Each structure stands twice: as C-alpha cells, then as structure tokens.
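Spelled out, the chains give:
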Amino acid sequence: MTVYTPRRAARVLLVDADGRVLLFAGFDPARPEHRYWFTPGGGLDAGESPAAAAARELAEETGLRLTPAELGEPVWRETVEYPFDGVWYRQEQEFFLVRVPSWEVDTTGFNDVEQASVTGHRWWSAAELVSSGERYYPGDLPALLSRVLAGADGPTGGVPC
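Here's a quick rundown of the structure. (Residues numbered from 1 in each chain as written. Predicted model: local features only at pLDDT ≥ 70, side-chain atom pairs only at ≥ 80, totals over all residues. Heavy atoms only, no water.)

## Examining the layout of surface pockets
The computed volume of the largest pocket comes to approximately 790 Å³. As for the largest pocket, its lining consists of 35 residues, of which Arg7, Arg11, Tyr36, Tyr82 and Phe84 are closest to the centre. Those elements that place two or more of their residues in the lining of the largest pocket are β1 (5–15), β2 (21–28), β3 (31–38), β4 (41–43), α1 (50–62), β5 (76–84), β6 (87–99) and α3 (112–117). No other element matches the 6 residues that β5 contributes to the lining of the largest pocket. (1 Å grid on protein atoms, 1.4 Å probe; cavity = no way out; pocket = protein on both sides within 12 Å on 5 of 7 lines; lining within 4 Å. Points joined across faces, edges and corners; volume = space filled by probe spheres on them. Helix = DSSP H or I, 4+ residues; strand = E, 2+ residues; numbered from the N terminus.)

## Thoughts on α1
Taking 1.5 Å per residue, 13 residues should reach 18 Å; α1 reaches 17 Å between its end C-alpha atoms and fits that length. Burial runs high along α1: 11 of the 13 residues are buried. Of the positions making up α1, those classed as buried are Pro50, Ala51, Ala53, Ala54, Ala55, Arg56, Glu57, Leu58, Ala59, Glu61 and Thr62. Looking at the buried side of α1, the elements it contacts are β1, β2, β4, α2 (68–71), β6 and α3. Of the residues trailing α1, Gly63 is marked for its positive phi of about 85°. (Expected span 1.5 Å × (residues − 1). Buried < 20%, exposed > 50% of the residue type's maximum accessible area, 1.4 Å probe, protein only. Contact = heavy atoms within 4.5 Å.)

## Here's the deal with the nonpolar core
Core analysis: the biggest nonpolar cluster contains 25 residues, and Leu14, Phe24, Leu58, Leu64, Leu71 and Val98 have the highest contact counts within it. Going through the elements one at a time, β1, β2, β3, α1, β6 and β7 (118–124) are the ones with two or more residues in this core. Here this core gets 5 residues from one element, more than from any other, and that element is α1. With 17 residues, the next largest nonpolar core counts Val21, Leu23, Val75 and Leu145 among its residues. (Core = buried A, V, L, I, M, F, W, Y, C linked by side-chain atoms within 4.5 Å.)

## Remarks on the packing of aromatic side chains
Scanning the entire structure with this criterion turns up 8 aromatic pairs. Ring geometry for Phe24 against Phe110: centres 5.5 Å apart, planes inclined by 70°, an arrangement best described as edge-to-face. You can see Phe24 sitting in strand β2 and its partner Phe110 sitting in the loop between β6 and α3, a full 86 residues away along the chain. For Phe24, a relative accessible area of 1% puts it in the buried group. A residue is classified by how much of its surface remains accessible, and Phe110, at 10% relative accessible area, is buried. (Phe/Tyr/Trp six-rings, centres within 6.5 Å; stacked < 30°, edge-to-face > 60°.)

Written out as structure tokens, the structure is:
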C-alpha cells in the first residue's frame, strides 16, 4: 500500500503575448531518467494562501513579482498523486493564469532542490506540446491552455474555476 504525503500547491500558467506557456524542464532525483516539463509553482508554506504561494513561487522561479491580488482567482484545480525523490505525494493544487507581453526568466531564486533537478526552461505553444512527444504536467495542459486562454480577460486576469 502506498502511503501519500499530503501537500497543497499553487501553480502558474505564465503565458506570453504569443499564447505560449512557460515550462521548466526537470527530473526526479530518485529516477533521473524520468524527465518532464512543468509549470512554475510549488508548495504552500504554513498559513499561506494559494495566491500568496503562487506569487512567491513566481518571483522565486522566474523573477516576475506580482501581488497575490494581481493573480486573481484560480482558473483550475486538481488533485494529483506522484513520487518525487522517493516520497509519494497527494497534492491538491490550484492554477493561476498570468499574461505577460514577454518575460526574461530569472532563475536565481531557485532553491537547492530546484537547482539540482531543473535543467532549463522554454516557452511552449499548445500545438508544440501536443506534437512534441515530451512528458509534461498536467497531462492535459494543451486543453487546459485552450480553455483558460479562450476566457482570459486582460493582462493578468482569468476565468474562475
């Protein structure tokens, strides 16, 4: 029987003017062959709201500083189960949509785990993701992007869950 560590997280769909989403390339240290692409974001600190965590993680991982209020409401929620570095997690996560004209990613705020397990970043269109053959999370990211971008209302706004 798998024992799951509960975790709450906030993630950001950071989308540029061309409709491309920023993803980081990474791997699981316990399974270096398991490589994948993922959105900026991470776990909530004790007492932290999802919007505050998303804003903090966005600043740490990309250098883009926004207030939690500027993120608006989450555009999607999910619960996922996954292993990372030998631990199984059951993670409840909320996604926020942030639109930028463009952004020069600054990863100097990465923590030790991120420095050791993130190998790069890239802006992806939904079509590129579908045709890439690459592993990315969430697995239905292209459809999610299509849905939330169709309902986006302004530079950082989104549609409620």
